[in-house]
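What follows is the residue order along each chain.
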Amino acid sequence: MMFRFNIFNHCEDGRRCIEDLTTIMSAQLRDLGHEAVSANDGYITGEAGINVLYESFADEGTISTIAAAYADGARFLYIATEEPTAAGCFNGRLDNAMDARMAVFPEAARYAEGILHLTPGSEVTEWYSRYAPAAYAEIGHASSLVHENGPDDVVPLHTFGFYGQMTPRRERIFGRLARVSGYEVVVLPFITHSSTERDVAMRSVRVILQVRAHDSMPIVSSSRCATALHLGRPVVGEPHAAPGPWGKIVHLSSTLDDFYNDAILASAEWSELHLRQLKQFAATLPPEVCLGDPLRRIGIL
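This structure is a prediction, so every number in the text was calculated from the model and none was measured.

Caption draft 1: Quick look at the side chain of Arg198. Secondary-structure assignment places Arg198 in helix α7 (residues 195-202). The buried category is assigned to Arg198, whose relative accessible area is 6%. Those residues within four positions of Arg198 in sequence are excluded, and the remaining contacts are Asp20, Tyr163, Leu188, Thr227 and Leu231.

Caption draft 2: Structural detail: the sheet that holds strand β4 (residues 76-80). A sheet is described by the order of its strands in space; here six strands give the open sequence β2-β1-β3-β4-β5-β6, paired in parallel fashion. Here the strands that pair on one side only, and so sit at the sheet edges, are β2 (35-39) and β6 (134-136). The sheet shows a mean angle of 25° between the axes of neighbouring strands, direction not considered. Here four bridges tie β4 to strand β5 (residues 114-117), and the two strands are oriented parallel to one another. Across the sheet, the residue bridging to Tyr78 is Ile115, located in β5. Contacts from helix α2 (residues 19-31) reach β1 (2-6), β2, β3 (49-54) and β4, with the element oriented near 175° to β1.

Caption draft 3: A look at helix α4 (residues 98-108). Turning to α4, its buried residues number three or more, namely Met98, Arg101, Met102, Val104, Phe105 and Ala108. Lining the buried residues of α4 we find α3 (62-71), β4, β5 and α5 (122-129).

Caption draft 4: Here's a closer look at the environment of Glu269. Locating Glu269 in the fold gives a position in the loop between α9 (256-268) and α10 (270-284). Overall, Glu269 belongs to the partly exposed group, its relative accessible area being 33%.

Caption draft 5: Representation of α2 within the structure. The end-to-end C-alpha distance of α2 is 19 Å, a good match for the 18 Å that 13 residues give at a rise of 1.5 Å each. Among all positions in α2, only Asp20, Leu21, Thr22, Ile24, Met25, Ser26, Ala27, Gln28 and Leu29 are buried. Backbone geometry just after α2 places Gly33 at a positive phi near 95°.

Caption draft 6: Representation of the side chain of Ser26 within the structure. Residue placement: Ser26 occurs in helix α2. Once you skip the residues sitting within four places of it in the chain, Ser26 turns out to touch Phe5 and Ala36.

Caption draft 7: Expanded view of the environment of Val155. Relative to the helices and strands, Val155 resides in the loop between β6 and β7 (158-163). Residue Val155 is classed as exposed on the basis of its relative accessible area, which comes to 58%. For the pair Val155 and Leu301, spaced 146 residues apart in sequence, the C-alpha to C-alpha distance is 44 Å.

Conventions we followed
Residues numbered from 1 in each chain as written. Predicted model: local features only at pLDDT ≥ 70, side-chain atom pairs only at ≥ 80, totals over all residues. Heavy atoms only, no water. Helix = DSSP H or I, 4+ residues; strand = E, 2+ residues; numbered from the N terminus. Buried < 20%, exposed > 50% of the residue type's maximum accessible area, 1.4 Å probe, protein only. Contact = heavy atoms within 4.5 Å. Pairing = 2+ DSSP bridges. Axes fitted to C-alpha atoms, helices over the stretch in contact; angles between N-to-C directions. Expected span 1.5 Å × (residues − 1).

In structure tokens:
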């Protein structure tokens, strides 16, 4: 089957945020024997292909555009990146128009054949299933994305790295790690850098860090961990209340105090640690588990 990822309904910053998701899911779909392409507009029609849209349907004209394509025979699969909450806004937050996005989702879902949501939880599946067949999907291992470390690789110049949104909480934790270890954290806000720049910067570090943006966030960033492991770097993270499958793939410390020591220890054996994490990654989150089974459960395959 042909899967056509379409990002017409996202702004430039939004497109940067979902770039890794598209890269990884496309590679996993190819590993499963399907075709996967990306586009900024246009659709495919008929039973041989399906159009993949990331949730964000509140902007004027978005739903009418989808409805017109649907009337022409386009089929849609939605990727839901956010968590619905009783507060009436995705993630329980009012920034980034999360209330408007959640409010308009039921109307947009009239044109979806299925929904894959990236936030775990039976209550999340239940909410999305009200509007179309829904299943939880993970971001996992794709053989074509693995960067093979070899003897000619340059030894990383830096010890710790992080890419993603910077928040006061992350700044505070990275500052303490720098004081404890003596090494500054190389930080790249992904919205302001291309994926190519990010990849070069993160391969210049020994360990990539997984730190929550806010105290209220319980889950691990699948895209950050998957990208790090594909790039050839291990992940060390602070405790997470809902680690999901990543709890047995990357190293998540028992306490925040332990995190600082664990990160320092990991930097001394980063290459061996990466090989162990990569092996567990491939065994735990292969394409069939991440996408094949969920797509069959919602009737897309």
